[in-house]
Amino acid sequence: MLEVKGLCKTFPAPKTKKGAPIKEKDPREQGKLFHAVQDLNFESVAGEILGLLGMNGAGKTTTLRMLATAIKPSSGTALLDGVDITQNPIEVRKRIGFLSGSTGLYGRLTASEMVAYYGKLNGINGDVLDNRMNELFAMLEMESFRDKRCDALSTGMKQKVSIARTLIHDPQVIFFDEPTSGLDVLSSRTIVNFIKTCREKGKTVIFSTHFMSEVRRLCDRVVLIHQGKVYFTGTVEEMKTQSGEEDLEEAFLKLVGGEDHA
Amino acid sequence: MHSILTIYLKEMKEVLRDRKTLIFMIILPTLIMPVLFQVMFSFMEKQEKKAQAEKIPIALVRGELTPELVELFKNQDGFELVDGFTDESEFKAAIKEDKIKLGLAIPAETAEILEYGSQLEVSVYYNNASLTSKVIPRTQVVFDQYNEQLRKARFTALGVGGASKQNGIMEPSIIKKIGIADDRERWGEGFGGLLPYLLIIFCFVGALYPAIDIGAGEKERGTLETLLLTPVPRSYLVLGKFLVIFTTSMTAALLTVTSMGVWIAIKAETMLKFALGEVLSAMSFVDYALMALTLVPLAMVIACVMLSISIYAKNFKEAQSYAAPLQFVFIIPAFLAFLPGVELTWGWAMMPVTNTSLAIKELVKGTIDYRMLAVIFGSTLVFAMAALGFCVKWFHREDVLFRD
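Each chain carries its own residue numbering, running from 1 in the written order of its sequence. Note on labels: chains are lettered from A, ligands numbered from 1, in written order. Where local features are concerned, this predicted model is filtered to residues with pLDDT of at least 70; where side-chain atom pairs are given and counted, the filter is 80 or more; whole-chain, interface and lining totals use all residues. Side-chain measures were taken over the full set of non-hydrogen atoms in the model, leaving aside hydrogen atoms and water.

Colleague: Looking at this structure, how should I read the pairing of strand 9 (residues 204-209) of chain A?
Modeller: Remember that side chains alternate between the two faces of the sheet whenever the strand is regular. All names here are of chain A. Burial of strand 9 is extensive: 6 of the 6 residues sit out of reach of the surface. Only protein chains enter the accessibility calculation, which uses a 1.4 Å probe; a residue is then buried when its area is under 20% of its type maximum, exposed when over 50%, and partly exposed in between. Going along the chain from the N terminus, every DSSP run of H or I of four or more residues is numbered as a helix, and every run of E of two or more is numbered as a strand. By the alternation rule, side chains of strand 9 split into Thr204, Ile206 and Ser208 and Val205, Phe207 and Thr209, which are all buried. Bridging between strand 4 (residues 48-53) and strand 9 involves 6 bridges; their strand directions are parallel. Residue pairing across strands places Leu50 opposite Ile206, the latter belonging to strand 9. Alignment of strand 8 (residues 173-177) against strand 9, held across 5 bridges, turns out to be parallel. Across the sheet, Phe175 pairs through a bridge with Ile206, a residue of strand 9. Chirality of the crossover, the property in question, places the unit of strand 8, helix 6 (residues 185-200) and strand 9 among those that are right-handed. One bridge is not enough; two strands pair if DSSP finds at least two bridges between them. Classification remark: right-handed applies to a crossover when, strands pointing away from the viewer, the course from the first strand over the helix to the second runs clockwise.

Structure follows, in structure tokens:
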């Protein structure tokens, strides 16, 4: 269960370098401040996959980082299973899992050392940790490479290690930040299947992407973010109805205000 | 608190599995001092042996006029008389061809000069382009002996008897030097400046790769975000990582001193021949332990600084480019202690890095002022704590951690 209430994030405006290509000024830049995310409101319930849909630079990663307590909101807050992310970040972290497309592994640790490390950091030790690891390694079919160093693993194996790492403390809410970016079809499918499993187990899944195909296949509901603001919240069907477009890409563009933004 | 240990153990495991770190942390520091000493001592030994074995070929013309002088040259070690020269005009070619190193031309009128008792001038031909020539000083030794003989004879002829009276005329007064510095202090001055310099370099070298690996490396591999999202307070993360860098830094420095100590113990006998060996053997275990302890707060400062720049950098490359100029911040003040005239005074005791360097130098010399040592240790420790505090603050800043 996740309730986002008026979440805002402001950064110092990026300094423009001399000689840099002239870009159209982002409307979010005001003087010395850059309002990356403004007044986000949405919610997500257990057993549902919520898609955070938006173009590059829309504010998806910033939003997820705030929700996961990596960075602090400038104002507003969110409740995660009733725990306030600004008041009690440590408690929030115990309840969340976070997996992004750029997540890496410690190359010189073995798969099991890697997962055990995150288990311990999450306060799981001893037999509980061992059992949990055995369970996960069996589920993800990782036994054959559990004692191999992460550097020596294939992309698919690495994905599985990342998944096991995300799940080791059995989080209730799981964030995926463009989890399939840069992955081939097979590795993407591992991730997509994993996201579905999370839903089946009754987890709250928040999933950011700019791939319409993933939205169509996975998302129960969609939050459409553009230039730091929410433009639409609802199911995929509602998205089509409201925009009057059958094609999701067309619907997306129409909802954020037409072609000129693309 | 348990998670500090978890982080420490995990990072150490990773560090120890990295070949590059192992080389800089263990192999290099272990080998550097023995290799350095071995080269130094074997060079000194070689020079000494060479000097003993070498015989300088010399030639005299009209040597029959000064049989006493010829006799002295024959008796003196290190000279070899070459016969067959009849005129000094032959010397130049012979010296160029390296047949002889030295040619002495006894004047033709020697008999008259000696008879009359005036000054005898012997021309000595040698290659004065050779910078390391020991020929002239050695020849001088022989002539000193010859002069002694002549002088005695002449004094006696003049009616001045007895060595004491003769000396009194030659040198009516002389100075007698009584140095109060012992060997350890004298030799410690030079070597004692070099040791802290090396120690501080190795503190830095030992910290470098682990620091880059566990700071910027986390960003480059994309593991930092995940780590920050574990329910571990940031200060624990900093402490765990700090302790790893501190460990590798101290390990590198201590291995440098330990391998030096072990080498000295093994080679004690050969080294005692030389004054430097005596200095090193004179240092007790307490001296070595104090040296290590003096280094602790400085290694802490280095670890904090390295961790701060490493976590700020986006990747390995950037971290390395920050670290490169940074090493001079530590190495230059460390080097100051090596310069002649820089002594441990209260003024220098206030200068970070240099004070640690000077304190170690004084420990080598055996002349440390323990009050000053305590002040240096204490002030650097305060400095280290401030640096650690800064590091924790630094780890809370979003513009440091997320610079993409």
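Okay, back to it.
Colleague: So what exactly am I meant to see when it comes to the domain arrangement of chain B here?
Modeller: By a frequent convention, interface size equals the accessible area lost on bringing the separate parts together. By domain assignment, chain B separates into domain 1 (2-36 + 182-401) and domain 2 (57-170). Inter-centroid distance (C-alpha atoms) of domain 1 of chain B to domain 2 of chain B is 59 Å. Note that domain bounds follow an automatic or database assignment of domains.

Colleague: Even after reading the chapter, I still don't get the side chain of Thr180 of chain A, so can you show me in this structure?
Modeller: Assignment of secondary structure puts Thr180 of chain A in the loop between strand 8 and helix 6. Contact criterion: two residues are considered in contact whenever any of their non-hydrogen atoms come within 4.5 Å of each other. For Thr180 of chain A, the contacting residues outside a window of four places in its chain are Ser188, Ile191, Val192, Phe211 and Glu214 of chain A.

Colleague: When you look at the sheet that holds strand 6 (residues 83-84) of chain A in this model, what are you seeing that I'm missing?
Modeller: Sheet strands associate in pairs through backbone hydrogen bonding, adopting either a parallel or an antiparallel arrangement. Residue and element names in this part refer to chain A. One open sheet accounts for 5 strands, arranged 2-3-1-5-6; its pairing is antiparallel. Whereas interior strands pair on both sides, the edge strands pair on one side only; in this sheet they are strand 2 (29-30) and strand 6. Direction of pairing for strand 1 (residues 2-12) relative to strand 3 (residues 33-44): antiparallel, over a ladder of 8 bridges. Bridging from a neighbouring strand, Leu2 pairs with Ser44 of strand 3. To obtain each axis, a line is fitted to C-alpha atoms, and for helices this fit is confined to the stretch in contact; angles are then taken between N-to-C directions over 0 to 180 degrees. Each of strand 1, strand 3 and strand 5 (75-80) touches helix 1 (residues 60-67); the most contacted strand, strand 1, lies at about 115° to it.

Colleague: So what exactly am I meant to see when it comes to the packing of aromatic side chains here?
Modeller: To describe a pair of aromatic rings, you give the distance between the ring centres and the angle between the ring planes. Each Phe, Tyr or Trp ring, with Trp reduced to its six-membered ring, pairs with another whose centre is within 6.5 Å; inter-plane angles below 30 degrees give stacked pairs, above 60 give edge-to-face pairs, and intermediate values give tilted ones. Throughout the structure, instances matching the rule amount to 18 aromatic pairs over all chains. Both rings, one in Tyr106 of chain A and one in Tyr117 of chain A, keep their centres 5.9 Å apart while their planes meet at 70°; by these two values the pair is edge-to-face. You can see Tyr106 of chain A sitting in the loop between strand 7 (96-100) and helix 3 (111-121) and its partner Tyr117 of chain A sitting in helix 3, a full 11 residues away along the chain. Residue classification places Tyr117 of chain A among the buried residues on the basis of a relative accessible area of 3%. Aromatic pair Phe73 of chain B and Phe143 of chain B: ring centres 6.3 Å apart, planes at 75°, arrangement edge-to-face. Of this pair, Phe73 of chain B sits in helix 3 (residues 67-75) while Phe143 of chain B sits in helix 6 (residues 135-158), placing them 70 residues apart in sequence. For the pair Phe73 of chain B and Phe143 of chain B, one class covers both residues: buried. Members of the aromatic cluster, joined through ring pairs, are Phe73, Phe79, Phe143 and Tyr146 of chain B.

Colleague: In this structure, what is going on with the confidence of the model for chain B? I would like to understand it.
Modeller: Fine structural detail should not be taken from predicted coordinates in areas where pLDDT scores are low. Of all residues in chain B, 95% attain a pLDDT of 70 or more, and the chain-wide mean is 87. For this predicted complex, the interface confidence score (ipTM) comes to 0.90, while the overall pTM stands at 0.80. Confidence of the prediction at every residue is given by pLDDT, a number between 0 and 100.

Colleague: I would appreciate a short explanation of the interface of chain B and chain A in the present structure.
Modeller: Taken together, the contact pairs 29 residues of chain B with 30 residues of chain A. Contact with chain A buries surface across chain B, with Arg17, Leu229 and Pro231 of chain B losing the most and accounting together for 26% of the total. One speaks of a salt bridge when a side-chain nitrogen belonging to Lys or Arg is within 4 Å of a carboxyl oxygen belonging to Asp or Glu. Connecting chain B to chain A are 5 salt bridges. Among the salt bridges present, the one from Arg108 of chain A reaches Asp213 of chain B, with a minimum N-O distance of 2.4 Å. Whenever two N or O atoms come within 3.5 Å, that pair is a polar contact, provided that in protein one can donate a hydrogen and the other can accept it, and provided that, for residues adjacent in sequence, both atoms are side-chain atoms. Between chain B and chain A we count 11 residue pairs in polar contact (both at pLDDT 80 or more) in total. Secondary-structure elements contributing two or more residues to the side of chain B that touches chain A are helix 1 (2-16), helix 9 (216-221) and helix 10 (224-228) of chain B. Among the elements that take part in the side of chain B that touches chain A, helix 1 of chain B stands out by supplying 9 residues, more than any other. As a working definition, buried area equals the accessible area (1.4 Å probe) given up by two parts on being put together, with both sides summed.

Colleague: Would you explain the nonpolar core in this entry?
Modeller: A general tendency of soluble globular proteins is for nonpolar side chains to be buried together. The term nonpolar core refers to a set of buried residues drawn from Ala, Val, Leu, Ile, Met, Phe, Trp, Tyr and Cys, joined through side-chain atoms within 4.5 Å. Formed by 165 residues in total, the largest nonpolar core has its most connected members in Val161, Phe175 and Met239 of chain A. Of the residues forming this core, the biggest block, 16 residues, is contributed by helix 14 (residues 285-312) of chain B. Setting aside anything within four residues of it in sequence, one finds Phe175 of chain A in contact with Leu2, Leu64, Leu67, Ala68, Leu80, Ile96, Gly97, Phe98, Leu99 and Ile206 of chain A. Residues Phe79, Leu104, Phe143 and Tyr146 of chain B belong to the second largest nonpolar core, which totals 18 residues.

Colleague: In this structure, what is going on with the state of the cysteines? I would like to understand it.
Modeller: A covalent bond bridging the sulfur atoms of two cysteines is what the word disulfide describes. Residues and elements named next belong to chain A. In what follows, a disulfide is any cysteine sulfur pair within 2.5 Å. Following the criterion strictly, the structure yields 0 disulfides over all chains and no others. With no disulfide of its own, Cys219 lies 13 Å from the sulfur of Cys198, the closest cysteine sulfur. A residue is classified by how much of its surface remains accessible, and Cys219, at 9% relative accessible area, is buried.

Colleague: Just to check I follow, could you spell out the packing of helix 3 of chain B against helix 6 of chain B for this structure?
Modeller: Two packed helices can be described by the angle between their axes and the distance between those axes. Residue and element names in this part refer to chain B. Two elements in contact, helix 3 and helix 6, have axes separated by 10 Å at closest approach and are oriented at 135°. The pairing of helix 3 with helix 6 is recorded here as oblique in orientation. Handedness of the helix 3/helix 6 crossing: right-handed. For the pair helix 3 and helix 6, the contacting residues are Glu68, Leu69, Leu72 and Phe73 in the first and Thr139, Val142, Phe143, Gln145, Tyr146 and Gln149 in the second. Angular relationships are summarised with four words: roughly parallel below 35 degrees, roughly antiparallel beyond 145, roughly perpendicular across 65 to 115, and oblique for the angles in between. Left-handed describes a crossing whose near helix is turned anticlockwise from the far helix through less than a right angle; right-handed describes the clockwise counterpart.

Colleague: I tried to follow the pattern of salt bridges on my own but got confused; where do I start?
Modeller: For side chains of opposite charge, pairing can occur when their charged atoms come near one another. Counted by the stated rule, this structure contains 30 salt bridges over all chains. One salt bridge in this structure joins Arg95 of chain A and Glu91 of chain A, with 3.0 Å as the shortest N-O distance. Taken together, the residues Arg95 of chain A and Glu91 of chain A, both in helix 2 (residues 89-95) and 4 residues apart, mark about one turn of the helix. When its relative accessible area of 27% is taken as the criterion, Arg95 of chain A is described as partly exposed. In this structure Glu91 of chain A comes out as partly exposed when scored by relative accessible area, which is 26%. With a shortest N-O distance of 3.3 Å, Glu113 of chain A and Lys13 of chain B are connected by a salt bridge. Highlighted residues: Glu113 of chain A in helix 3 and Lys13 of chain B in helix 1, drawn from two different chains. Look at Glu113 of chain A and you get buried, because its relative accessible area is 18%. Here the residues in one salt-bridge network are Lys10, Glu11, Glu14, Glu218 and Lys241 of chain B, joined through shared partners.

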